[in-house]
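Architecture and fold: a report
Listed below are the residues making up each chain.
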Amino acid sequence: MFKNYIKIAWRNLLKNKQQTIINLLGLTLGTVSCLTILLYVFAQLGYDQHHKEMDSIYRVETKIERSNSETYHSATSSPPIAFALKEDFAEIEEATRVVLTDVFYSMLVRAAESTDAYYEPRVYMADSTFFKVFDYNFLEGDQLTSLNEPNAVVLSSYIKQKLFGDQNAVNKSIIWGTGEDALTLTVTGVFDEKANKTHLNPNYVVSMSTPGMGTFVQNFDNFATNNFVYSYIKLFPNSNAISLQGKMPGFIQERAAKDIADAGMRKKDLELKKAADIHLFSEGTKHQIDKISNITYLYFLLSLAFFIQLVACINFINLSTARASKRAREIGVRKVVGAGKNALMRQFLGESLLLSFFAILISIPIVLLLLPFVNNITQESLTYLNFYEVEIISILLALGIFTGLAAGIYPAIVLSSIKPVKALKSSAILQSGSGNFRKALVVFQFVVSIGLVATVIVITQQFRFTQEKDLGYSKDNLIALRIGTDAASSKFESIKSAFLNIPGVLDVSSGNYAPSEIVLADNGFYLPNGNSEDRTVVKRNGVSDGYFKTMGIKLLKGRDFTPADTVDQIIVNQATLRAFDIKEEEALSSTLMQGSGDETFEMRIIGVTEDYHFASLKDEIAPLFLHKENEPNWLFLKTNTTNYNTLLSSLETQWKSVVSNVPFDYRFVDEEVEKLYDEEKRLGLISIAFTILAIFISCLGLFGLISYVTEQKKKEIGIRKVLGASVQSVVQLLTKDFVKLVLIAFLIASPIAYYFISRWLENFTYRIEIQWWVFLVSGGFALIITIVTVGIQSLRSAIANPVKSLRTE
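All values derive from a computational prediction rather than experimental measurement.

**A look at the overall build of the protein chain**
- In terms of helices and strands, the protein chain carries 25 helices and 24 strands.
- Buried residues in the protein chain amount to 53% of all 809 residues.
- Once local pairs closer than 6 in sequence are excluded, the contacts in the protein chain between residues at least 24 apart make up 80%.

**Quick notes on the pairing of strand β10 (residues 183-191)**
- Taken together, the three bridges between strand β7 (residues 138-141) and β10 define a ladder with antiparallel strand orientation. In the sheet register, F138 faces β10, and the bridge partner there is F191.
- Bridge analysis of strand β8 (residues 152-156) against β10 gives five bridges, and the strand direction is parallel. Bridging across to β10, L155 finds its partner in V190.
- Bridge count between strand β9 (residues 173-176) and β10: four bridges; the pairing is antiparallel. Directly across from I174, in β10, lies its bridge partner L185.

**What to know about the pairing of strand β12 (residues 230-235)**
- Burial analysis of β12 places six of its six residues in the buried class, which makes it a mostly covered element.
- Sheet analysis places strand β1 (residues 57-65) next to β12, joined by four bridges and oriented antiparallel. Bridging from a neighbouring strand, R59 pairs with Y232 of β12.
- Two strands pair when backbone bridges link them, and strand β3 (residues 92-100) and β12 are joined in this way by six bridges, in the antiparallel orientation. By the bridge assignment, R97 is partnered in β12 with S231.

**Considering the pattern of salt bridges**
- For the structure shown, the criterion picks out 20 salt bridges.
- Between R559 and D565 there is a salt bridge, and its shortest N-O distance comes to 2.9 Å.
- What makes R559 partly exposed here is its relative accessible area of 33%.
- The class for D565 is buried, based on a relative accessible area of 10%.
- Note that R578 is salt-bridged to D611, the shortest N-O span being 2.8 Å. Of this pair, R578 sits in helix α18 (residues 574-579) while D611 sits in the loop between β21 (599-609) and β22 (624-628), and the two are 33 residues apart along the sequence.
- In this structure R578 comes out as exposed when scored by relative accessible area, which is 54%.

**Overview of a nonpolar patch on the surface**
- A cluster of nonpolar residues, F357, I393, L397, I401 and L405, forms a patch on the protein surface that exposes about 400 Å² of accessible area.
- Of the residues forming the nonpolar patch, the biggest block, four residues, is contributed by helix α12 (residues 390-416).
- Along the polypeptide, L397 turns up in helix α12.
- Given a relative accessible area of 49%, L397 falls into the partly exposed group.

**Quick look at the packing of helix α16 (residues 492-500) against helix α19 (residues 644-658)**
- The N-to-C vectors of α16 and α19 enclose an angle of 150°; their axes lie 10 Å apart at closest approach. By the angle class used here, α16 and α19 are roughly antiparallel. As α16 runs across α19, the sense of the crossing is right-handed. Judged by residue contacts, S494, I495, A498 and F499 of α16 engage L651, Q654, W655 and V658 from α19.
- For the contact of α16 with α19, the per-class residue count stands at six nonpolar, two polar and no charged.

**Regarding the environment of K268**
- Note that K268 resides in strand β13 (residues 267-274).
- Along the chain, K268 and A256 lie twelve residues apart, while their C-alpha atoms are 8.7 Å from each other.
- Apart from residues lying up to four places away in sequence, K268 is in contact with T62, K63, I64, S78, I81, F223, A224, N227, I252 and I260.
- At 2.8 Å, the side chain of K268 and the backbone oxygen of F223 are in polar contact.
- Here A224 takes part through its backbone oxygen, which lies 3.3 Å from a polar atom of the side chain of K268.

**Quick notes on the side chain of Q461**
- Positionally, Q461 belongs in helix α14 (residues 433-468).
- Beyond its immediate chain neighbours, meaning those up to four positions away, Q461 contacts I768, W773 and V774.

**Some details on the packing of helix α3 (residues 81-88) against helix α8 (residues 248-262)**
- Look at α3 against α8: their axes get within 12 Å of each other, and the N-to-C directions meet at 110°. Here α3 lies roughly perpendicular to α8, going by the angle between them. The residues of α8 that touch α3, namely those facing I81, A84, L85, E87 and D88, are M248, F251 and R255.
- Taken together, the residues that form the contact of α3 with α8 break down as five nonpolar, no polar and three charged.

**Thoughts on α8**
- The end-to-end C-alpha distance of α8 is 20 Å, a good match for the 21 Å that 15 residues give at a rise of 1.5 Å each.
- Taken as a whole, α8 has its buried residues at M248, F251, I252, A256, D259 and I260.

**Some remarks on the environment of T403**
- Looking at the element boundaries, T403 is found in helix α12.
- Its relative accessible area of 2% is what places T403 among the buried residues.
- Distance in space between the C-alpha atoms of T403 and F357 is 8.8 Å, their sequence separation being 46 residues.
- Those residues in contact with T403 that lie beyond four places of it in its chain are L27, Q309, C313 and S356.

**Some remarks on α16**
- Residues of α16 that are buried: F492, I495, K496, A498 and F499. Buried residues of α16 fall within an arc of 165° about the axis and therefore sit on the same side.

**Describing empty space enclosed by the protein**
- One pass over the full model with this rule turns up four cavities of 30 Å³ or more.
- Considering only enclosed or pocket space, the largest cavity measures out at about 90 Å³ in volume.
- Lining the largest cavity we find Y473, Y513, A514, P515, E517, V519, N541, Y547, M551, Y612, F614 and L624.
- By volume, the second largest cavity amounts to about 70 Å³.
- Lining of the second largest cavity is provided by 13 residues; of these, Y136, D192, E193, N196 and T198 occupy positions nearest its centre.
- The residue inventory of the lining of the second largest cavity, partitioned by class, reads five nonpolar, five polar and three charged.

**Concerning the side chain of E94**
- Following the sequence through the fold, E94 ends up in strand β3.
- The class of E94 is buried, set by a relative accessible area of 14%.
- Looking at E94, its side chain comes within polar contact range of the side chain of K86, at 3.1 Å.
- Excluding residues within four positions of it along the chain, E94 makes contact with K86, T129, V133, Y232, I233 and K234.

Calculation criteria
- Chains are numbered independently. Their residues run from 1 in the order of the written sequence.
- Given that the model is predicted, a residue must reach a pLDDT of at least 70 before its local features are reported, and side-chain atom pairs must reach 80 or more before they are shown or counted; all residues, however, enter totals for whole chains, interfaces and linings.
- Heavy atoms from the whole structure form the basis of all side-chain values; hydrogens and water molecules are not counted.
- Runs of E in the DSSP output that reach at least two residues are strands. Runs of H or I that reach at least four are helices, and both are numbered from the N terminus.
- Three labels apply to residues, based on accessible area from a 1.4 Å probe with only protein chains included: buried if under 20% of the type maximum, exposed if over 50%, partly exposed otherwise in between.
- The criterion used for residue contact is that any of the two residues' heavy atoms lie within 4.5 Å.
- Two strands qualify as a pair provided DSSP detects at least 2 bridges between them.
- Every case where a carboxyl oxygen of Asp or Glu lies within 4 Å of a side-chain nitrogen of Lys or Arg is listed as a salt bridge.
- Patch building starts from residues that exceed 30% relative accessible area and form no salt bridge, then joins like charges within 9 Å and nonpolar side chains (Val, Leu, Ile, Met, Phe, Trp, Tyr) within 5 Å.
- Under the convention used here, a 1.4 Å probe and the Shrake-Rupley method define accessible areas, while residue burial counts only the protein chains that appear.
- A fitted line through C-alpha atoms represents every axis, and for helices the fit uses only the stretch in contact; the resulting angles, taken between N-to-C directions, go from 0 to 180 degrees.
- The cut-offs work like this: below 35 degrees is roughly parallel, past 145 is roughly antiparallel, 65 to 115 is roughly perpendicular, and the gaps in between are oblique.
- If you view the pair so one helix is near and one far, a crossing is left-handed when the near helix is turned anticlockwise from the far one by less than a right angle, and right-handed when it is turned clockwise.
- Gly counts as polar in this scheme, as do all residues outside two lists: the nonpolar Ala, Val, Leu, Ile, Met, Phe, Trp, Tyr, Cys and Pro, and the charged Asp, Glu, Lys and Arg.
- Nitrogen and oxygen atoms within 3.5 Å of one another constitute a polar contact, given that in protein one can donate a hydrogen and the other can accept it, and given that sequence-neighbouring residues count only through two side-chain atoms.
- Multiplying 1.5 Å by the residue count of a helix minus one yields the expected span of that helix.
- Taking the helix axis as origin, the arc is that swept by the directions to the C-beta atoms.
- Grid points spaced at 1 Å over the protein atoms alone were grouped into cavities, where a 1.4 Å probe fits but cannot get out, and pockets, open sets with protein on both sides within 12 Å along at least five of seven lines, with lining residues defined by an atom within 4 Å of a point.
- Grid points are joined across faces, edges and corners, and a volume is the space filled by probe spheres set on the points.

Here's what the structure looks like:
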């Protein structure tokens, strides 16, 4: 019986070639979209699932409420908190801390026997308990003891290969840093960084007991300030994390009340976040240790995949029910000879399932060919191996069954319900509601298409807004060059002089933070004669004289720094004046205080800058002060050239002549700023690609439907033409119903799209306003597509010879 069903299904698919091609193409495109999105979504799932006790590992995050009632949520906490929690609560089995050294300084690393040094990001300092809490796949060395000693380092296989090639790295030495600050570290282990997905993805890990930053963290005992440490705890089995969370306020009150008051904070809370949730559920939490994803973004992609697949299924439903009369006699004969309704339903569902699995088989090689393009957009590294994951195979099977059932269930019910008497006497007449149902499905397709077009327009506008908005400084033709070492920093003036002699270099200055970098440094300030415990946190950046000219930052009041200035002379932005309620005309006679008791420091304002976006447009411009810095981390070069290859070559030559042991590590500031909006850029590209697919699939359905309609009305069209109807009137007759459906879809789609687009824009502090014409353009675009698709087929019918349609029966 099953073999017979397959044989009949195959014959019917071959018999109705146009309908089969349209359905198969639509389902294939829908499946390609679905499968591509699912591969990406699954790549974002499963982070930190490999740890043996993953359900017991939590990160201790911080929520700080300032005097202005602003709540600041950070993934980090103060250095002593992790081990104090272990000491105070019996539920905690182990604790560990991580410091991401990149945000404080960039250290060169090289093999001891080599002179080739490298800047490598994602360098951690971690306690000896780090590999007792987290499980990594060690290739060399002992995981549990690898960080026990000072000056120990564990390398990723990537860094090990870079420094030592295929040699065994354990017990070999590397040099970390340069000059007087250089440390000799001993390799105690190597791990495979590609073995598992984790939010903790270091290139190498240095033991916390190593002199410098590590010993500072170990000895620091203030529970309120220096919230730059990533703290983790592992609970004993069967411990209740919710109960432990409830004890956090008491812990803070007992351990940190005085420190919080001295720091000028109104309130400080601790929040436990399960490590397995960090990658997907950390939106809004600042200072993430590595790139995270956004569960809302993934939900959007999954919804997009669902709707595109649904649009393809709707095509199948519409075409199958519309052409039911073609199979009326077959159904009538089968019912007369004893076929029951259930048997017929199985037959028709078999046809849709067969088509669905054909679509999957065709889509797999297409997706494989598209993987390089997908990886380029998503910045992932998907390969054919992802298809062998059990989850993907299971979803492919489920997708095939779901698509086949979703596309075939309604046509199967309709076709199997045809009365055999009517079927044998003449063409089957479907229930009157079936036509309205088909129209409703067409309206749904247009709602999806119009909504997607509106979404794409707004996402593109917002992304263009982030690129074109005046940031308050000139990011174009600006190069940031990493200084990296104290030795190079001390030669700043020599480097500056050498660079200024190169054609194409207009200005050179320096600073501690490059544009787009997270500014972690800050100070708590209060007004003279104010309450020293009621402080406002102000971000801090050290710069050289000439910085404002090089960056194109406008000074509203006062002056730039001079070589004679000291660190107690500061330049502030307008946000700082607002935070302290200082009038702009009074700024140059104002001072800010920091410290308390006998150790207070007066900071004199010598200038005021226009507010500029030193962070993402997603964040409001924060109070910022700038001070004179003699040992900066970055050089900034304002350039004017059409030949950057020559310019960069000249810069590198001069750089190596002054600091030969430090790599020439540069970046274009405009490109770095654009990276802040990578997610929005990816979202825009993905939305455009899948919107085009959704519209194309809808057009396929329209083409199939209008082909059927014109075939059904060919005699009517012939009679009308014989009686004198014009081509234009015939085309209008065939297209007017579809135009009405587009207008209905426009009225439904506009408010729905507006709601979801508005919610998305709320992620940006600085954003565009949604214009009314966005929806008009979206609806107009859908209308034009409909008129073109339907009009072409209608025109063919309208200009056909009426004699042929009238003489054939």
